[in-house]
Amino acid sequence: MRYLMPRRGTTALLRLAGPGVVLAVAVIPAAAASTAATRTGPATAATVTAGRAAAARPGGPGQARRAARPAYPVPGLAPGLSARSSLPRTGWSRPAAAGPRYTLTAITTNLAGKPDTGAWVLVCNADDSRRYCGGKTVKSSAARFRLPTGHYWALALFTELAHGKTTAGHMVVLPQFTVSGDRTARLAESAATSKITMVTPRPATRLDTTIDFQRTAAAGPETDFAVGAGARVPLWISPTRHRTSAGTLRFGTQQWLASPPGGGTAYLYDLAYQSAGVIPAQRHRVRPGGLAAVHERFYGAAGSAGSSEPDAWFPHEIVGATGSPHGFRVRVPGRRIDYFTANPAIVWDGNYASASGSETDLGRTFRPGERLTDDWGRYPLHPAAAVSRTGAASPVPVIPSATRLGNLLAVDVTPFTDSTPGHLSYGFSPPTGAKPTGSFEIDQDGKKIAAGNAGAYGPGGPHVTLGRRPSVIRFALTAARTGPDYPLSARSHTVWAWRSRRAPETTLPTGWACVLPGTARTTRHCSVQPMMTLGYQVAGLALNGSARPGRQALAITAGHLPLAAAARVTQVRAQVSFDDGRHWHSTAVTRHGSRYLASYTAPAGSYVTLRTTARDAAQGRVTETITRAYRIRG
């Protein structure tokens, strides 16, 4: 099963997350956890702290995830089926709840109508979830709960086994009932009559299925319950007809289906549906007009097996359940068509992982009928900034790549990233392959105030205390990775400079946030620094990162971080080298609207090393050198 992770809430995030997203729950991969460090500079007393809550790095393919309460696993499930809930392990129960308590006996029966032992039952108060909300594993065909009077709801998760393996999962929901004395609630597995099925326009085989069930009470925290099942385990649900009178009910399901092996370009259906109020029958006939088609292109100079894992985020979702921890296989370099459920209320994120590199997407939405192209790992790779393509609908608060909170400066750009807005690599903490190395330096008005190992700080980058007066900030970042898997874009050196000042009245829009250093909390009362950005696209680049010899056309995009007070770009220059930087050649750069085109001639069998400089009208600048950015065939 893919990891089941929590989503929205106040400060926590537990999914394998990409950079640029808020992270706070204790379950973080060891490679992702960064320890707070404090350093004092010579005369400036600059304080540098690791951004502990800024992002998570994956132990496998991962995506951006929604901040939330922790998720807690349902115990005792056999392999092939997994479930988590958003309530604490001990459940919620307010000791001070007034009035008598009564016994609710939850009796479970199997498909044959006989007493069932081993099902997991969850019972929660629908008037105020803090009065009672908790789950138990059924023993001797019944589970007993001591409850105050009120409205309640319940669900039961049944597991079908054959020879010790899970063959099906059945989920039965009682959307609402009243407890005013001792009573019995019967949960029959046979009530789960609707198999989650998605009928696709093209032939496809089921890979994974998930359920997201959310029940809110009239007061108190909402409860999310997520179930995930692998390719060989169908999920069944009990449909409901009547809407609840206390609180709300939401039900979502997601399924991934793959094209048959062999023949043509592979395709993947990424389908998601959500309902509110009731749980309808779960046979979905997928209409082509309700899909968006995305032509995924996976770049990699070193051929290998890779994986890619799209995932949907429903509105209000708290706990996510998804498929294989290894994602869905792709060949790198390679292509795949993804057909997404196109619903503006659903945010999709994704990832790409291979020997050549790994990236995550911070989220996007689709419109019905869209036809798009998405490039993963396209060379040149370079340090990139966090970009939100979903705004206020972002599944996580996106952390701008350079911010100022009072006098506290935080800088976090991510090396080895392609130029697709919204993509970010895993930087110095890749899920696989050799660990990159790097260094950084921060200067204020020409004086070094912080420097060190860029990889040691991990998520969030360094936080540095500046003086109160306006000043010129210079940030330099060097990143490198070695080994046969990284013949291209394996080293970069980038230097930024901009004018910085306090902006105490600035508030970021919804969907963005800054991290309070040393804590799991975030704030929107901070400002984005006017740091410049660069993007590249080599015309005619093959999926293995090579281009034909002769005349080259390199499109360059120069701009600033999203939300920054951006000055006009005044100059873009580019140089190229065909001997790893020993000799440099100027290029002809022409402006075409907001883009710049660099033209030059590259000899056969060479590697193109790039050096790009951009300036703006506010004395901001960036100079970036990418060693062996891409290859020339021949």
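Below is a summary of the structure that appears in this document. If you're wondering where the values come from, they're calculated on a predicted model, not measured in any experiment.

1. Some details on the sheet that holds strand β34 (residues 423–425)
Taking strand neighbours across the sheet as the criterion, the five strands line up as β24-β21-β27-β28-β34 in an open arrangement whose pairing is antiparallel. Taken across any chain shown, the strands that pair with only one partner, and hence form the sheet edges, are β24 (328–332) and β34. Taking the axes of each pair of neighbouring strands and ignoring which way they run, one obtains an average angle of 25° across the sheet.

2. Quick word on the pairing of strand β43 (residues 532–538)
Of all seven residues in β43, five are buried; the element is thus mostly enclosed. Pairing analysis gives seven bridges linking β43 to strand β45 (residues 550–560), with the strands arranged antiparallel. Paired with V538 across the strands is L554, a residue of β45.

3. Looking at unusual backbone geometry
Leaving glycine aside, a negative phi is the common case for residues, and trans is the common case for peptide bonds. The residue after V332, namely P333, is reached through a cis peptide bond having omega -5°. By the secondary structure assignment, P333 is in the loop between β24 and β25 (334–341). With omega at 0°, the peptide bond leading from Y379 into P380 counts as cis. Summarising the element assignment, P380 is placed in the loop between β29 (371–376) and β30 (382–384). Phi angles above zero are rare outside glycine, and F416 is one such case at about 65°.

4. Quick word on the state of the cysteines
All told, the structure shown has two disulfides when counted by the stated rule. What pairs with C124 in a disulfide is C133, and their sulfur atoms sit 1.9 Å apart. The chirality of the disulfide connecting C124 with C133 is right-handed, given an S-S dihedral of about 50°. Each member of the pair C124 and C133 is classed as buried. Paired by a disulfide, C514 and C526 hold their sulfur atoms 2.0 Å apart. The sign of the S-S torsion, about 90°, decides the handedness of the disulfide formed by C514 and C526: right-handed. Linking C514 in strand β40 (residues 514–515) with C526 in the loop between β41 (522–523) and β42 (527–528), this pair joins segments that are 12 residues apart in sequence. Comparing C514 with C526 shows no difference in burial state: the two are buried. By sequence order of its bonded cysteines, the chain has the disulfide arrangement 1-2, 3-4.

5. Examining the pairing of strand β28 (residues 357–361)
When you tally the buried positions in β28, you get five out of five residues, the bulk of the element. Where burial is concerned, the two faces of β28 agree: the one with G357, E359 and D361 and the one with S358 and T360 are both buried. With four bridges joining them, strand β27 (residues 351–354) and β28 adopt antiparallel strand pairing. Bridge pairing in β28 links N351 to T360. Taken together, β27 and the strand that follows it, β28, pair antiparallel across an intervening segment of two residues. In this structure, β28 lies alongside β34, joined through three bridges in antiparallel fashion.

6. Some remarks on the environment of S606
Note on placement: S606 falls in the loop between β49 (595–602) and β50 (607–616). The class for S606 is buried, based on a relative accessible area of 7%. Among all residues touching S606, those that are not within four sequence positions of it are F578, R631 and I632.

Rules used in this analysis
Residues numbered from 1 in each chain as written. Predicted model: local features only at pLDDT ≥ 70, side-chain atom pairs only at ≥ 80, totals over all residues. Heavy atoms only, no water. Pairing = 2+ DSSP bridges. Helix = DSSP H or I, 4+ residues; strand = E, 2+ residues; numbered from the N terminus. Axes fitted to C-alpha atoms, helices over the stretch in contact; angles between N-to-C directions. Buried < 20%, exposed > 50% of the residue type's maximum accessible area, 1.4 Å probe, protein only. Disulfide = S-S within 2.5 Å. Contact = heavy atoms within 4.5 Å.

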